[in-house]
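Take a look at the letters that make up each chain.
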Amino acid sequence: AEHVGSALKAGGRVLIPAFAVGRAQEILHYLIELEKQGRIPRVPLILDSPMAAEATDVFLSFGDELVITAEQMKELRTRSHVVRTTDESRALNDQRNPAVIVSASGMATGGRVLHHIAHMARNPENLILFAGFQAPGTRGADMISGERAIKIHGEVVDIRCRVDGLD
């Protein structure tokens, strides 16, 4: 919470690469709880993963069978903005306002998260927060271990932002 709050208060953005089924929804739930507790500022919460969006829809259909309540699941859905199109995903990188973007893949091996990393990594005010195990040899593991440059789509991207991980 401390790192997320400090990045947002400094005007930066937070990117959380997360697994689409289960982890993305869990992360959004905890972000909402941290906001309610006043531990992080209220900013746009954006879910940018087609698979995570579909999983969230399925979870809403089975709200009574989840660890979090059906009410909390509905709050997750109304509090977060779900990005469905590629154009809308790309447009996120043109925005400068503080926000938290949750996007797949969780180990930064592919998906929309790569475009966000390439865009956000150069700004020292931003935070990339990995939420889960990072297999050796993945971009996520490399970034957490301190790599200051990674290759995305054939281009070397300098990592100037803060990188952290949750176990």
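Computed from a predicted model, the values in this text were never measured in an experiment.

With respect to the overall build of the chain
Stage number 1. Helix and strand counts for the chain stand at 7 helices and 8 strands.
Stage number 2. The C-alpha atoms of the chain give a radius of gyration of 15 Å, which matches the 15 Å a tight globule of 167 residues would have.
Stage number 3. Projected onto its principal axes, the C-alpha positions of the chain cover 45 × 30 × 30 Å.
Stage number 4. Evaluated residue by residue, the chain yields a buried proportion of 49% over its 167 residues.
Stage number 5. Considering only residue pairs separated by 6 or more positions, the chain has 71% of its internal contacts joining residues 24 or more positions apart.
Stage number 6. For the chain, the computed accessible surface area is about 8,300 Å², with 52% contributed by carbon and sulfur atoms.
Stage number 7. A distance of 4 Å separates the average location of the 19 positive side-chain charges in the chain from that of its 21 negative side-chain charges.

Section: the packing of helix α3 (residues 50-61) against helix α4 (residues 70-79)
Stage number 1. Look at α3 against α4: their axes get within 10 Å of each other, and the N-to-C directions meet at 145 degrees. Classified by chirality, the crossing of α4 by α3 is left-handed. Taking contact as the criterion, the partners of Ala53, Thr56, Asp57, Phe59 and Leu60 in α3 are, on α4, Met73, Lys74, Leu76 and Arg77.
Stage number 2. In terms of residue class, the contact of α3 with α4 is built from 5 nonpolar, 1 polar and 3 charged.

What to know about helix α2 (residues 23-36)
Stage number 1. Along its 14 residues, α2 runs 20 Å from first to last C-alpha, staying within 8% of the 20 Å computed at 1.5 Å per residue.
Stage number 2. Where α2 ends, the next residue or the one after it, Gly38, has phi of about 75 degrees, a positive value.

Brief notes about the sheet that holds strand β3 (residues 80-82)
Sheet strands line up and pair through hydrogen bonds in the backbone, either parallel or antiparallel.
Stage number 1. Across the sheet, 6 strands lie side by side as β3-β2-β4-β1-β5-β8; this open sheet has parallel pairing. Strand pairing shows two members of the sheet lacking a second neighbour, β3 and β8 (162-166), which therefore form its edges. Recorded for the sheet is a direction-independent mean angle of 20 degrees between the axes of neighbouring strands.
Stage number 2. In terms of strand pairing, strand β1 (residues 14-17) meets strand β4 (residues 100-103) through 4 bridges, oriented parallel. When the sheet's bridge partners are listed, Ile16 is paired in β4 with Val102.
Stage number 3. Strands in contact with helix α1 (residues 2-9) are β1, β4, β5 (127-131) and β8; relative to β5, the strand with the most contacts, it is inclined by about 155 degrees.

Side note on the pattern of salt bridges
Stage number 1. Considering all chains together, one arrives at 9 salt bridges under this definition.
Stage number 2. Notably, a salt bridge pairs Arg42 with Glu35, separated by 4.0 Å at the nearest N-O pair.
Stage number 3. We classify Glu35 as buried; its relative accessible area is 13%.

Some points on the side chain of Thr138
Stage number 1. Structurally, the position occupied by Thr138 is in the loop between β5 and α7 (139-144).
Stage number 2. Taking the relative accessible area as the measure of exposure, Thr138 reaches 9% and is therefore buried.
Stage number 3. A polar contact of 2.7 Å, which involves the side chain of Thr138, links it to the backbone oxygen of Ala135.
Stage number 4. Excluding residues that lie within four positions of it along the chain, Thr138 makes contacts with Met107 and Thr109.

How each quantity is defined
- Residues numbered from 1 in each chain as written.
- Predicted model: local features only at pLDDT ≥ 70, side-chain atom pairs only at ≥ 80, totals over all residues.
- Heavy atoms only, no water.
- Helix = DSSP H or I, 4+ residues; strand = E, 2+ residues; numbered from the N terminus.
- Rg over C-alpha atoms; globule rule 2.2 N^0.38 Å.
- Buried < 20%, exposed > 50% of the residue type's maximum accessible area, 1.4 Å probe, protein only.
- Contact = heavy atoms within 4.5 Å.
- Areas by Shrake-Rupley, 256 points an atom, 1.4 Å probe, with all protein chains shown as cover.
- Lys, Arg positive; Asp, Glu negative; His and termini not counted.
- Charge placed at Lys NZ, Arg CZ, Asp CG, Glu CD.
- Axes fitted to C-alpha atoms, helices over the stretch in contact; angles between N-to-C directions.
- Left-handed = near helix turned anticlockwise from the far one by under 90°.
- Nonpolar A, V, L, I, M, F, W, Y, C, P; charged D, E, K, R; others polar.
- Expected span 1.5 Å × (residues − 1).
- Pairing = 2+ DSSP bridges.
- Salt bridge = Lys/Arg side-chain N within 4 Å of Asp/Glu carboxyl O.
- Polar contact = N/O pair within 3.5 Å; in protein donor to acceptor, adjacent residues only side chain to side chain.

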